[in-house]
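Residue-level structural notes
The lines below spell out each chain.
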Amino acid sequence: MKKIINGVDQVEEQMIEGFVKACPEYLKRLGDDLTVVRAQKKEGKVAVISGGGSGHEPSHGGYVGKGMLDAAVAGAVYTSPSVDPIYEAIKAVDAGKGVLMVIKNYTGDVMNFELAGEQAEDDDDIKVAKVVVNDDVAVDGSLYTVGRRGVAGTVFVHKCAGAKAEAGGTLEEVQAAAQKVIDNVRSMSMAINPSTVPAAGVPGFELGEDEMEIGIGIHGEPGVKKMKLEPADKIVDMMLEKILGDLDYTGSDVAVMINGCGGTPLMELYIANNHVNDVLTAKGINVYKTWVGNFMTSIESEGFSISILKLDDELKELLDAPADTPAFTQV
């Protein structure tokens, strides 16, 4: 294993310190936790928080800022943050209008965020709501979760919920906007090379030079099928068949996210997007907006995911709303 680190026991601490030092106009660290909050707290609005294990950068800290998140709570690599830092984040960002927790559907994340929310309600009288993102169509149940996993579609939830909160929506309205995204987004991933957790020192799974894995998870979980490497267009076809078979997008406007897993060249992501766009257009599905890049990674894994969000007028407005964060800016 080759990593540009100082030591496996220092990775998360030095990463979060370097991140905050790079973005002081956006972020500040909350105490000694692996938590970042907005550098300038926005008062008088619903606060939106999210988080999960480190290793998915720029998720989730990269989306803390105007129009998206108010806090992001990280754990060790691929490990849920514990209850205490989530609880402290809720208290720090609450501005009297309540706090929405955006949780990816992994057992540890769901349990710890829920416990922290209950503690904030009981001890501090903070109104807390939640949504659980489960956009991955590849598997129903895995090493980390009961039910479908939450993957890159979570970024769409951050964007729309954050925009609703920034516009002055109530906690119930912000939660409803987030849930609408969850109900209408589907994702699937693949990889040609796995990631290596620094503390483990070995890849999460093995692939031959001519192999790929379809349906991987963002923690390096193996997918649903290992097979010979196919051309990009055929890979896209396999992934879209599963996504489009799970939700009826016929005649709809959609937002598309082609998300790199961390080690995939932009060249290859654009090649994938080229065929995604062609297939959707041929099926009478109108691509309203497209994002291509690294939005929710798996350290250095080579691969990509496709997320498709079915839109209505409200979701278009929320997607188009301004945002200013380290990893996502829209004017």
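Criteria and thresholds
- Residues numbered from 1 in each chain as written.
- Predicted model: local features only at pLDDT ≥ 70, side-chain atom pairs only at ≥ 80, totals over all residues.
- Heavy atoms only, no water.
- Axes fitted to C-alpha atoms, helices over the stretch in contact; angles between N-to-C directions.
- Helix = DSSP H or I, 4+ residues; strand = E, 2+ residues; numbered from the N terminus.
- Parallel < 35°, antiparallel > 145°, perpendicular 65-115°, else oblique.
- Contact = heavy atoms within 4.5 Å.
- Nonpolar A, V, L, I, M, F, W, Y, C, P; charged D, E, K, R; others polar.
- Buried < 20%, exposed > 50% of the residue type's maximum accessible area, 1.4 Å probe, protein only.
- Pairing = 2+ DSSP bridges.
- 1 Å grid on protein atoms, 1.4 Å probe; cavity = no way out; pocket = protein on both sides within 12 Å on 5 of 7 lines; lining within 4 Å.
- Points joined across faces, edges and corners; volume = space filled by probe spheres on them.

Concerning the packing of helix 4 (residues 154-166) against helix 8 (residues 313-320)
Closest axis-to-axis distance for the helix 4/helix 8 pair is 8 Å, and the angle between their directions is 90°. Viewed along their axes, helix 4 and helix 8 adopt a mutual orientation that is roughly perpendicular. Between helix 4 and helix 8, the contacting residues are Phe156, Lys159, Cys160, Ala163 and Lys164 on the first element and Glu314, Leu315, Leu318 and Leu319 on the second. Looking at side-chain class alone, the contact of helix 4 with helix 8 contains six nonpolar, no polar and three charged residues.

Notes on the environment of Gly96
With respect to the helices and strands, the residue Gly96 is situated in the loop between helix 2 (83-93) and strand 5 (99-104). Judged by its relative accessible area of 63%, Gly96 falls in the exposed class. Between the C-alpha atoms of Gly96 and Ile126, which are 30 residues apart in sequence, the distance is 7.5 Å.

Regarding the sheet that holds strand 7 (residues 185-193)
Spatially, the six strands line up as an open sheet ordered 9-8-7-12-10-11, and their pairing is mixed. Of all strands in the sheet, those with a lone pairing partner are strand 9 (225-228) and strand 11 (286-293), marking the two edges. Here the strands of the sheet are splayed against their neighbours by 20° on average, with no regard to which way each runs. The pairing of strand 8 (residues 211-214) with strand 9 spans four bridges and is classified as antiparallel. Bridged to Met212 within strand 9 is Met227. Seen against the sheet, helix 6 (residues 232-244) touches strand 7, strand 8, strand 9 and strand 12 (302-310) and runs at an angle of roughly 35° to strand 12.

Some thoughts on empty space enclosed by the protein
The tally for this structure, following the rule as stated, stands at two cavities of 30 Å³ or more. In this structure, the largest cavity encloses a volume near 60 Å³. Around the largest cavity sit Val151, Ala152, Ser189, Ile216, Gly217, Ile218, Asn259, Cys261, Met296, Ser298 and Ser305, which together line it. Classifying every residue of the lining of the largest cavity by side-chain character gives six nonpolar, five polar and no charged. Here the second largest cavity is characterised by a volume of approximately 40 Å³. Forming the walls of the second largest cavity are Ala191, Pro194, Ser195, Phe205, Ile216, Gly217, Gly220, Glu221, Ser298 and Ser301.

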